[in-house]
Amino acid sequence: MSSTLSPVTPTECRDELAAALVAVGEQSFFGYVNLAADKEFAAAVATVHQWMTAQVDFRGTQRSGRLQMALPAALAGDMLEAFLGLAEPGTAPELTDMIGEFANMLCGHWLTQRFPTTSFALARPVVGSDEPGPQVPWVAAAAPLLALLNEQPVAVWVECLPEGGA
Amino acid sequence: MSEVPVPPAQGLTLLIADDSAVMRAMIKRVIGMVDVPIGAILEAGDGKQALALLEQHDVAVLFTDINMPEMTGTELLCEIERRGCWPHLLRVIISTDGSSARREEADALKVRFYLQKPFRPEAMRDVLDALTSHAD
C-alpha cells in the first residue's frame, strides 16, 4: 500500500518520549526522571559498567516501527526491586522480563499519545546486554532522548515509518 | 500456570493473563494492597492458558493483556463471547495500548474496565470495589 504519510522523526517526538518516560518511570517504578542536560548525562554515563538494551517492534494499519532503549544494568536491578517490592535482588530472567516490560510500556504509552485513535500490535520485546563501559548503545542514532532516571542514564530512540514508505 | 492461594480462603478467584511473569507479579502485588477478600489468584501466560483455567475454575474477574503469544487478549475475549459460558465474568484489560480504537473494541467485547499501563494502584482499587458491589 502506498502512503502519503510522513515518517515520524526522532527529533519531533522527543517531548512525547520524555512524557512517556516520566509516566512509566514514576508511576510503575517509583523513580524520578530528570530530562538532563548533556553535561549531566555525560557525567552519569561515565559511571556505567554494563548496559542493557531492549527493542520493541510495533505495527499498525498505516505505520510501523521500533522503539529502542538502553539503561545501566545496575539501574535495571533497582527498578526491578521497586517494581515488585523485592527486599533482595531479582533473578536474571526477572530482570530480562522487567526490562522488556519497561520498553513495552514506553512504546505503548508513546504510541497512544502520538496516535490516540489507532491501535498497534507490539512484538515481544528483545532484551540484550551491550559491551561493558561508558559508551551509550544507540547513541549514534539520530536524536535519542537522553534522560536520567534515579540519577542514572537512560537513552530512548524511536523509528516510525509509514507502511510501504521505507 | 500456577495457583497462589491468598487468605481469606472464602474469597473470590481472580485470573491474570499476561505473557510477562514480572507484570503478573506486579498486578498481584497491587491487588494485595486493596482490602478485598481474594480466595485465589490464577495466572496464565497467554489466552489459551487463560481459557483452560476458566474452564476449570469459578473465576470472578479476568485481567488480561492484549499482546500475548498463542492467543491474544482480544482473541481470548472473543472466544469467551462466542462460548457464552461466563456471563458474570468481570472482564478487565490491562494494556499499554490506550487508543480509542482499542477501547471501542474492548467495549464491544463487554470489557468493564480498561487499565492502561502504567496505572496507579488506585485504579485497581476502583476495579475491585466494583467487584465487591457486583458480588453483593
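A quick note: this is a predicted structure, and the numbers were derived from the prediction, not measured.

## Some remarks on the pairing of strand β2 (residues 51-59) of chain A
A regular strand places its side chains on the two faces of the sheet in alternate fashion. All names here are of chain A. Across the 9 residues of β2, 7 count as buried, placing the element largely inside the fold. Pairing of β2 with strand β3 (residues 63-72), which is carried by 9 bridges, proceeds in the antiparallel orientation. Opposite Ala-54, over in β3, you have Met-69 as the bridge partner. Note that β2 and strand β4 (residues 121-122) share 2 bridges and pair antiparallel.

## Concerning the interface of chain A and chain B
In this assembly, 28 residues from chain A lie in contact with 22 residues from chain B. Of the roughly 2,000 Å² buried between chain A and chain B, counting both surfaces, carbon and sulfur atoms make up 53%. At the junction of chain A with chain B, the criterion picks out 2 salt bridges. Taken together, the elements giving at least two residues each to the side of chain A that touches chain B come down to α1 (14-27), α3 (73-84), α4 (92-114) and β4 of chain A. For the side of chain A that touches chain B, the leading source of residues is α4 of chain A, giving 9 residues. Tallied by class, residues from the side of chain A that touches chain B come to 14 nonpolar, 10 polar and 4 charged.

## Looking at the nonpolar core
In terms of nonpolar packing, the biggest core is built from 66 residues, with Met-98, Phe-102 and Trp-110 of chain A together with Phe-63 of chain B touching the most fellow members. Examining the composition of this core, we find that 10 residues originate from one element, α4 of chain A, more than from any other. Beyond its immediate sequence surroundings of up to four residues, Phe-102 of chain A is in contact with Leu-21, Val-24, Gly-25, Phe-29, Met-69, Leu-71, Met-79 and Leu-149 of chain A. By size, the runner-up hydrophobic cluster in this structure holds 23 residues, among which are Ala-44, Leu-54, Leu-89 and Leu-109 of chain B.

## Side note on the side chain of Ser-99 of chain B
Residue placement: Ser-99 of chain B occurs in the loop between β5 (90-95) and α4 (100-108). Taking relative accessible area as the criterion, Ser-99 of chain B reaches 0% and is therefore assigned buried. Within the structure, the side chain of Ser-99 of chain B is placed 2.9 Å from the side chain of Asp-97 of chain B, a separation counted as a polar contact. Once residues lying within four places of it in the same chain are set aside, the contact partners of Ser-99 of chain B are Thr-112, Phe-115, Pro-116, Thr-117, Thr-118 and Ser-119 of chain A.

## Side note on the packing of aromatic side chains
Residue and element names in this part refer to chain A. Inspection of every chain in the model, using the stated rule, returns 6 aromatic pairs over all chains. An angle of 20° between the planes, with centres 4.8 Å apart, marks the rings of Phe-29 and Phe-83 as stacked. Separated by 54 residues along the polypeptide, Phe-29 in the loop between α1 and β1 (33-34) and Phe-83 in helix α3 bring together distant segments of the chain. Across the pair, exposure class does not vary: Phe-29 and Phe-83 are buried alike. Seen in terms of ring centroids, Phe-58 and Phe-120 are 5.8 Å apart; in terms of plane orientation they differ by 85°. Their pairing is edge-to-face. Placement of Phe-58 in strand β2 and of Phe-120 in the loop between α4 and β4 is noted, with a sequence separation of 62 residues between them.

## Some details on the layout of surface pockets
In this structure, the largest pocket spans a volume of roughly 320 Å³. Along its surface, the largest pocket is lined by 17 residues, and Glu-101, Arg-124 and Pro-125 of chain A together with Asp-19 and Ser-20 of chain B are the ones closest to its centre. Counting residues per element, the lining of the largest pocket draws most heavily on α4 of chain A, at 5 residues. Split into classes, the residues belonging to the lining of the largest pocket amount to 6 nonpolar, 6 polar and 5 charged.

Criteria and thresholds
- Residues numbered from 1 in each chain as written.
- Chains lettered and ligands numbered in written order.
- Predicted model: local features only at pLDDT ≥ 70, side-chain atom pairs only at ≥ 80, totals over all residues.
- Heavy atoms only, no water.
- Buried < 20%, exposed > 50% of the residue type's maximum accessible area, 1.4 Å probe, protein only.
- Helix = DSSP H or I, 4+ residues; strand = E, 2+ residues; numbered from the N terminus.
- Pairing = 2+ DSSP bridges.
- Contact = heavy atoms within 4.5 Å.
- Buried area = accessible area lost by both parts, 1.4 Å probe.
- Salt bridge = Lys/Arg side-chain N within 4 Å of Asp/Glu carboxyl O.
- Nonpolar A, V, L, I, M, F, W, Y, C, P; charged D, E, K, R; others polar.
- Core = buried A, V, L, I, M, F, W, Y, C linked by side-chain atoms within 4.5 Å.
- Polar contact = N/O pair within 3.5 Å; in protein donor to acceptor, adjacent residues only side chain to side chain.
- Phe/Tyr/Trp six-rings, centres within 6.5 Å; stacked < 30°, edge-to-face > 60°.
- 1 Å grid on protein atoms, 1.4 Å probe; cavity = no way out; pocket = protein on both sides within 12 Å on 5 of 7 lines; lining within 4 Å.
- Points joined across faces, edges and corners; volume = space filled by probe spheres on them.

These figures capture arrangement, not role.
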